[in-house]
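Inside the fold
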Amino acid sequence: MNQFGVLLKKEWRENLRNYKIFWIPAVFILLGIMEPVSNYFLPQILDSVGNLPEGTVLEFPVPEPEQVMAAIMGQYQLLGLLILVLAYMGTIAGERKSGTATLLYARPLSFSAYFISKWVMAQIIALLSVWLGFLVGYYYTYLLFGSIDIMNLLRFVFTYSLWVLLVISIVLAASAWMPNAGLAAAASLGIIIISQVVDSLLGTYWPISPLKLSVYAASWFENGPDMADFWWSAGLAVVLIAFLLLLGIFISSRKAASTKV
Amino acid sequence: MNLLEVKGLTKSYKGNLAVDRVSFALEERTATALIGPNGSGKTTTLSMIAGLLKESGGSIQRDFKSGVGFLPQYPQFFPWLSALEFTEMAAQISGVDGKKARQQSIRTLEFVGLGSAVNKKTGTFSGGMRQRLGLAQAIVHQPKLLLLDEPVSALDPTGRREIMDLLKSLQQDTTILYSTHILNDAEKMTDQLLFLKEGKLVEQGSLSEVKSRYAEPRIRLRFETEQAAARFEDRKLWPMNRDRNVIALPLSGEGPTMQQVLAVLANEESGIAGVDRQSASLEEIFLKVAGNK
Amino acid sequence: MEESKLLLLLLPVFIIQLGLMIFALVDLIKIPYTNGPKWMWGVIIVVVNIIGPILYFVIGRRNY
């Protein structure tokens, strides 16, 4: 078997045996269920809590199903991404720090196979989680709020998936770069949060930005994004992902010497 | 034939020389012991030869293509892999084909005494088992060169003996370079000694060469009385020194051979309480070399 | 009426929650070390709904 296959099998066993293959999708599914359910029952929950003065009339506009799906994505943007960052921060930095990498690096290891095997496994689990979460979330949304045009839903999911691919690429490159898992998480969260803040503050000046992919994803439910802007942003995201892959391979081989012997 | 030739190997960290112009060669199918005090550069030297560290200067020439086997001092394994899964993966990364990798892994694990633990997760392994597994992953792909960093220092005396015996049996078709601070072990299995001190190679040669260079072997004669010893000394047969009833006879230089001494003693009338041959132990040499400024 | 509907809708949540708890507890028993005392994580996993097992997997579990 080639090295990539051997290493991918190792990653698979790791993710299976530390239960990441179960608990990460579980988190996304839970978020996907909670959002529509709590939206649906919000008026009644407030009512039953009942501390409102007599005669208060609460007007809750019933949200559109599209809005509920966008709200699920909002949860993923906060909690989902945090979970993914924390789950994969140690992918390379942790192996180096603990010394488990030593016995791999002392062999004729292909660092492309090494890095890409980790990248592929993390992406599979991240995308699986996001897709399962949206699927279950949509099932609930459909039951409680109504249906959504399937093409728009798919466009929404795929646009958001591209963003997730980018985020995981950032996390793995940071894990290759940083000396330990904590710093890798801090670096990736720093990059993701700061660039998003900058983009949301000043981003009106540049419509082409991978950071707007989540905005574009939600805009499929309305008039759809400006096609040129969308495609340029998506293309830029792909270029960035490819760059981060190359960077990760390069850094993990350069930093191999910092593994504990 | 030399399997590996190291010339002027140097490693510096921020201006500090961890390894300073070290040169040596490893002959095929020999065992070389790398000894020296803590922090003398043993691990750094091994790491560079293993390819884990990039040398700052000098060269490492290998006369072979197939891999190196490396056992770090504290081998770390993925705790969620079984011993067999780990060893098999190690073999495959080193280029052994799938089916062969499994067979060789099982055989190697049995060889190091882990035959009953092949399917146990490495996370549950004791210190001794980890050391055995470390050895297994180092030899599973049948490398020509085996680099071992303190292979037995974490083991109890029984385990140490067992592993040393395993290593000796490997020597038939492997070249071994190992570091140790247990000098008894070094004395048991070594064709060449390399003595590192503060990153420099300060002593090098076969065990007997080094020994003869450092402390001349001598015969110690213990007489029953001080007078008898004094009488023997007065005969001035060879250069010797007396300390009360004990006489030390150097065997090197102008000294006699053991046979000559014994022949003289056979005709000696005064009572002799004991005769023994002393040679400097590696430990004495170690202390001597390590203490030299 | 609405309450029984709510319970029915949340049934999968309870199942996932239970699953997470079982996975986390099984893992806690098998793993040699955790970050922080084991018993504490046992309490957190059982007592803190949903978040407990996830906290354990993210923070408590030593992955390397």
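To continue, consider the overall build of chain A. A tally of regular secondary structure across chain A gives 10 helices and 0 strands. Along chain A, from the amino end to the carboxyl end, the secondary structure elements read α-α-α-α-α-α-α-α-α-α. On the principal axes, the C-alpha backbone points of chain A span a range of 75 × 40 × 35 Å. Of all intrachain contacts in chain A linking residues separated by at least 6 positions in sequence, the fraction that spans at least 24 positions is 82%. A total accessible area of about 11,500 Å² is found for chain A, and carbon and sulfur atoms account for 70% of it.

Here we come to the sheet that holds strand β1 (residues 2-13) of chain B. Residues and elements named next belong to chain B. One open sheet accounts for 3 strands, arranged β2-β1-β4; its pairing is antiparallel. Where the open sheet ends on each side, the last strands, each with one partner, are β2 (16-27) and β4 (57-62). Going from strand to strand, the sheet's axes swing by 15 degrees on average, the running direction of each strand aside. One ladder, built from 8 bridges, connects β1 with β2; its direction is antiparallel. Residue pairing in the sheet places Val6 in a bridge with Phe24 of β2. In this fold helix α1 (residues 42-50) packs onto β1, β2 and β4, with an angle of close to 120 degrees to the strand it touches most, β1.

At the junction of the two partners, chain B supplies 26 residues and chain A supplies 24 residues. Taken together, both faces of the contact between chain B and chain A bury some 2,300 Å²; the carbon and sulfur share is 67%. Taken as a group, B:Leu52, B:Trp80 and B:Ile93 account for 32% of the area that chain B buries against chain A, more than any other trio of residues on that side. Our count for the chain B to chain A interface comes out at 2 salt bridges. B:Glu85 is the salt-bridge partner of A:Arg17, the closest N and O atoms lying 2.7 Å from each other. One can count 7 residue pairs in polar contact (both at pLDDT 80 or more) joining chain B with chain A. Mapped onto the side of chain B that touches chain A, the elements with two or more residues apiece are α1, α2 (83-93) and α4 (127-139) of chain B.

Quick look at the layout of surface pockets now. Estimated volume of the largest pocket: approximately 660 Å³. Surrounding the largest pocket, 22 residues form its lining, B:Pro79, B:Trp80, B:Gly123, C:Ile31 and C:Pro32 being those nearest its centre.

This part is about the confidence of the model for chain B. Averaged over all residues, the pLDDT of chain B equals 87, while 95% of them reach at least 70. At the low end of the mean pLDDT range in chain B sits helix α10 (residues 282-291) of chain B, at 77; at the high end sits α2(B), at 96.

This next bit is on the packing of α4(B) against helix α5 (residues 157-170) of chain B. Residues and elements named next belong to chain B. For the pair α4 and α5, the least separation of the axes is 12 Å and the interaxial angle reads 10 degrees. Compared by their axis directions, α4 and α5 come out roughly parallel. Along its contact with α4, which presents Arg132, Leu135 and Ile139, the element α5 presents Gly159, Glu162, Ile163, Leu166, Leu167 and Leu170. Here the residues of the contact of α4 with α5 are counted per class, giving 6 nonpolar, 1 polar and 2 charged.

The rules we used
Residues numbered from 1 in each chain as written. Chains lettered and ligands numbered in written order. Predicted model: local features only at pLDDT ≥ 70, side-chain atom pairs only at ≥ 80, totals over all residues. Heavy atoms only, no water. Helix = DSSP H or I, 4+ residues; strand = E, 2+ residues; numbered from the N terminus. Contact = heavy atoms within 4.5 Å. Areas by Shrake-Rupley, 256 points an atom, 1.4 Å probe, with all protein chains shown as cover. Pairing = 2+ DSSP bridges. Axes fitted to C-alpha atoms, helices over the stretch in contact; angles between N-to-C directions. Buried area = accessible area lost by both parts, 1.4 Å probe. Salt bridge = Lys/Arg side-chain N within 4 Å of Asp/Glu carboxyl O. Polar contact = N/O pair within 3.5 Å; in protein donor to acceptor, adjacent residues only side chain to side chain. 1 Å grid on protein atoms, 1.4 Å probe; cavity = no way out; pocket = protein on both sides within 12 Å on 5 of 7 lines; lining within 4 Å. Points joined across faces, edges and corners; volume = space filled by probe spheres on them. pLDDT = per-residue confidence, 0-100. Parallel < 35°, antiparallel > 145°, perpendicular 65-115°, else oblique. Nonpolar A, V, L, I, M, F, W, Y, C, P; charged D, E, K, R; others polar.

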